Amino acid sequence: MEKTIDIICTGELLIDYIGNELNTPISKIENYNRFLGGSPTNVAIYSAKLGLKTILVASCGNDGLGHFMIEKLKENNVNTAQIKELDNYPSSIIFVSKSSATPEFISYRQADYHIEETQIPDSLLEEAKIFHTTCFALSKNPARETILKKAKKASQLGLQTSIDLNYSDKIWPDRKEAMETIKEYMATKPLVKLSDDDCFRLFNETKSDDYILNFFSQLGAKTICLTKGKNGVVLWDSNIGTTHKKAPFVENIKDTTGAGDAFWTGFLYGKLQEKEPLECIDIAQKLASIKLQHLGQLPDNIQLENL
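If you're wondering where the values come from, they're calculated on a predicted model, not measured in any experiment.

K.L.:
Would you mind showing me how to read helix H8 (residues 209-219) here?
P.N.:
Since one α-helical turn is 3.6 residues long, residues separated by three or four positions face the same way. Inspection of H8 places Ile212, Leu213, Phe215, Phe216 and Ser217 among the buried residues, and these make up the whole buried set. Two residues or fewer past H8, Gly220 is found with a positive phi of approximately 130°.

K.L.:
Help me understand the side chain of Ser289 in this model?
P.N.:
Along the polypeptide, Ser289 turns up in helix H10 (residues 277-292). A distance of 2.9 Å separates a polar side-chain atom of Ser289 from the backbone oxygen of Gln285. In this view, Ser289 contacts Pro248 and Val250; residues no more than four positions away in its chain are not counted.

K.L.:
What is the right way to look at the packing of helix H5 (residues 143-156) against helix H6 (residues 175-186) in this model?
P.N.:
A pair of packed helices can be characterised by two numbers: the angle between their axes and the separation between those axes. Between H5 and H6, the least distance of the axes is 10 Å, while the angle of their chain directions is 20°. The angle between the axes of H5 and H6 places the two elements in the roughly parallel class. Contact with H5, carried on its side by Arg144, Ile147, Leu148, Ala151 and Lys152, involves Glu177, Thr181, Glu184 and Tyr185 of H6 and no other residues of that element. Of the residues contributing to the contact of H5 with H6, the split by class is four nonpolar, one polar and four charged.

K.L.:
Is there a simple way to explain the environment of Glu116 in this structure?
P.N.:
With respect to the helices and strands, Glu116 occurs in the loop between strand E7 (105-108) and helix H3 (122-126). The exposure class assigned to Glu116 is partly exposed, which follows from its relative accessible area of 31%. Linking Glu116 and Ala58, residues 58 residues apart in sequence, is a C-alpha distance of 9.1 Å.

K.L.:
What am I meant to see in the sheet that holds strand E12 (residues 233-237) here?
P.N.:
Note: strands within a sheet are paired through backbone hydrogen bonds, in either parallel or antiparallel orientation. As summarised here, the arrangement of the nine strands in space is E5-E4-E1-E8-E9-E10-E11-E12-E13, forming an open sheet in which the pairing is mixed. Strands with a single pairing partner mark the edges of an open sheet, and in this sheet they are strand E5 (83-86) and strand E13 (241-245). Across the sheet, the axes of successive neighbouring strands diverge by a mean angle of 15°, strand direction being ignored. As judged from the four bridges shared by strand E1 (residues 5-10) and strand E4 (residues 54-61), these two strands associate in the parallel manner. Residue pairing in the sheet places Ile7 in a bridge with Thr54 of E4.

K.L.:
Help me understand helix H9 (residues 259-272), please; the structure alone is not making it clear to me.
P.N.:
Here H9 spans 20 Å end to end across 14 residues, near enough to the 20 Å set by a 1.5 Å rise per residue. Most of H9 sits out of view: 12 of its 14 residues are buried. For H9, the full list of buried residues reads Ala259, Asp261, Ala262, Phe263, Trp264, Thr265, Gly266, Phe267, Leu268, Tyr269, Gly270 and Leu272. Phi turns positive one or two residues past the end of H9, at Glu274, with a value near 60°.

Conventions adopted
- Residues numbered from 1 in each chain as written.
- Predicted model: local features only at pLDDT ≥ 70, side-chain atom pairs only at ≥ 80, totals over all residues.
- Heavy atoms only, no water.
- Buried < 20%, exposed > 50% of the residue type's maximum accessible area, 1.4 Å probe, protein only.
- Helix = DSSP H or I, 4+ residues; strand = E, 2+ residues; numbered from the N terminus.
- Polar contact = N/O pair within 3.5 Å; in protein donor to acceptor, adjacent residues only side chain to side chain.
- Contact = heavy atoms within 4.5 Å.
- Axes fitted to C-alpha atoms, helices over the stretch in contact; angles between N-to-C directions.
- Parallel < 35°, antiparallel > 145°, perpendicular 65-115°, else oblique.
- Nonpolar A, V, L, I, M, F, W, Y, C, P; charged D, E, K, R; others polar.
- Pairing = 2+ DSSP bridges.
- Expected span 1.5 Å × (residues − 1).

Structure below.
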């Protein structure tokens, strides 16, 4: 069967209200700008900006914010056919501080985790190449059960699974439950993206890079990208082992929100182009650098030959 979808992004669709003042705590922020947000949503939009065929599986409220989000997705050429608009739950929103480091956030979750199996039919999986999700999306049912079941089916059908382990104890306070869920997803041999911050929150202490890479590779990860901010990225791949790549210098950082999603979009783009892992990292870092210099979404006129 011909593959007409490059990436199925499954998970949180929400509004990010990002504070206007840089490096100011939420308690002091007076004005916010509204942006379409959610990690899988960002990956879907960024992928579409690179010319990939992406579909977002998500849920939002049948309300003004939901209509705004779907309109923005369509403007960015993301397939919205599998987005459910719910009458009995309002759209989810998150308030985020604008930061040159790790942003502070407060979440108000309603519709985003009501993802049902009917939104991911097997016929959709059969048309796709990559099935991508996040820890955030797995943090609540019914989304968790839906995503785990469909990820396993995707793996059986030959899709490459992918996950951003964007764990936060504020979103998912039960670490034990989170770890069991992550282990279940790891059985699909996914491509894994996680950051130093994610690891600290997940293990509730600082672990060495070797420990982290060994931990997730033993669970089944095919490739692991451990992002370390200005200290670059550590890559582990089942074929080439472990390597470290420095971060490119980025001046005039305007917004770190979504930079990790831009990085991972670049990595998945490289994978779909059948690039070697280190080439995928190059593309990922270039795309993340572009995102750091823009508030909100990535710009439209990204020159692929420059990535």
